[in-house]
Amino acid sequence: KGGGGGGGGGRTTTTNNNVNNTKKEGFLATIIDLFRIVWNLLVLAWRRRNQAFVPLQKHVVDPQKPTTNISLRMKQGRAQVVLFNTDHTVQDVRRYCQIELLLLGSSSTNESSSAIHNNQAEVVEFELLAGFPPKAIPDTTTTSTGQSQSNSQSLKDAGLLNSAIDVRFLSTTEEKRCR
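Conventions adopted
Residues numbered from 1 in each chain as written. Predicted model: local features only at pLDDT ≥ 70, side-chain atom pairs only at ≥ 80, totals over all residues. Heavy atoms only, no water. Pairing = 2+ DSSP bridges. Helix = DSSP H or I, 4+ residues; strand = E, 2+ residues; numbered from the N terminus. Core = buried A, V, L, I, M, F, W, Y, C linked by side-chain atoms within 4.5 Å. Buried < 20%, exposed > 50% of the residue type's maximum accessible area, 1.4 Å probe, protein only. Contact = heavy atoms within 4.5 Å. Phe/Tyr/Trp six-rings, centres within 6.5 Å; stacked < 30°, edge-to-face > 60°. Salt bridge = Lys/Arg side-chain N within 4 Å of Asp/Glu carboxyl O.

A sheet is described by the order of its strands in space; here 5 strands give the open sequence β2-β1-β7-β3-β4, paired in mixed fashion. In the strand order of this sheet, the two ends are held by β2 (79-85) and β4 (135-136), each with one partner. Bridging between strand β1 (residues 67-73) and β2 involves 7 bridges; their strand directions are antiparallel. Among the inter-strand pairings, serine 71 is bridged to a residue of β2, identified as valine 81.

Here's what the structure looks like:
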C-alpha cells in the first residue's frame, strides 16, 4: 500500500512538472509574441516617419521658363511676393510657406535654420486660401481613377498664376478636423 501510494505521488509530481513546464513555455511564447508585436510597431512607425519626411528646401526658379508672382499673406499681416515658375506645384508653395512660418515662429533664426536643414523642424498646421471669396486650396487632389494623391498640380493648372494667397493657421482641433 505504501509503494503504491509513493508511485502515485511520483506520477503526480511528474504531471505537475509537465504542467509547470507547459505554463512556462506558454508564458515565454506570450512574451516573445508581445516583443514581436512591439518590434513590428516600432519598425512601422520608423518607416512611416522616414517616408513622410520631405526635405524642407525652397524651390529653385528657372529663369528660362515662364514665371509668376504669388503674393503670400502670412501671420501678423506680413505679406511677401514670391517668384515661382508656372510649372511649380501647389506643394512647392506649401513647402515655401512651411519654411517661412518656421523661420517666423522661431526665437532664434540659427536654431530654426539648423532644424530645417536637418529635417528636424516641427510641422506647422496651416491652410492656403485663394480667390474671392477665399476658398481653401485642397491638400490633395482626386485622380481620374478616384484615388487621392498629394497636390502635385502645377500653379498654372490650379489657376494660381499671379494670385494672392492667404496663409491661415489651424490652431484648434476643430479647425484641423474640418480641413
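Moving on, we come to the nonpolar core. Membership of the largest hydrophobic core comes to 20 residues, with the highest contact counts inside it found for Leu72, Val93, Cys97, Leu128 and Ile165. Where this core is concerned, the elements lending two or more residues are β1, β2, α2 (90-105), β3 (126-130) and β7 (164-169). Top element by residues in this core is α2. It accounts for 6 residues. Excluding residues that lie within four positions of it along the chain, isoleucine 165 makes contacts with Ile70, Ser71, Leu72, Arg73, Val93, Leu128, Leu129, Ala130, Ile137 and Leu160.

Across the junction of phenylalanine 132 and proline 133, the peptide omega takes the value -5 degrees, indicating a cis bond. At asparagine 162, a residue that is not glycine, the phi angle is positive and equals roughly 50 degrees. A residue is classified by how much of its surface remains accessible, and asparagine 162, at 58% relative accessible area, is exposed.

For the rest of this paragraph, the subject is the pairing of β1. One face of the sheet, then the other: side chains in a regular strand alternate in exactly this way. Residues Thr68, Ile70 and Leu72 of β1 are buried on one face, while the alternating residues Thr67, Asn69, Ser71 and Arg73, pointing to the opposite face, are not. Once β1 ends, the chain turns through 5 residues before running back antiparallel as β2, passing glutamine 76 with a positive phi of about 60 degrees. One ladder, built from 3 bridges, connects β1 with β7; its direction is parallel. The partner of arginine 73 across the bridge, within β7, is aspartate 166.

Moving on, we come to the packing of aromatic side chains. In this structure the tally under the stated criterion is 1 aromatic pair. Pairing phenylalanine 84 with tyrosine 96 gives two aromatic rings, centres 6.1 Å apart and planes at 75 degrees, and the pair type is edge-to-face. One end of the pair, phenylalanine 84, is in strand β2; the other, tyrosine 96, is in helix α2, and 12 residues separate them in sequence. Comparing phenylalanine 84 with tyrosine 96, the two get one shared label, buried.

Next up on the list: the pattern of salt bridges. Considering all chains together, one arrives at 7 salt bridges under this definition. Put simply, arginine 36 and aspartate 33 hold a salt bridge, and the shortest N to O gap is 3.9 Å. Remark: aspartate 33 and arginine 36 occur in helix α1 (residues 2-52); sequence separation between them is 3 residues, near one turn of the helix. Taking the relative accessible area as the measure of exposure, arginine 36 reaches 51% and is therefore exposed. Residue class for aspartate 33 comes out partly exposed when judged on its relative accessible area of 41%. The salt bridge partner of lysine 58 is glutamate 100, with a shortest N-O separation of 2.5 Å. Of this pair, lysine 58 sits in the loop between α1 and β1 while glutamate 100 sits in helix α2, and the two are 42 residues apart along the sequence. The class of lysine 58 is partly exposed, set by a relative accessible area of 38%. Residue glutamate 100 is classed as buried on the basis of its relative accessible area of 7%. Linked by salt bridges that have partners in common, Lys58, Arg78 and Glu100 make up one network.

Everything listed here is a matter of coordinates, which is why it stays silent on function.
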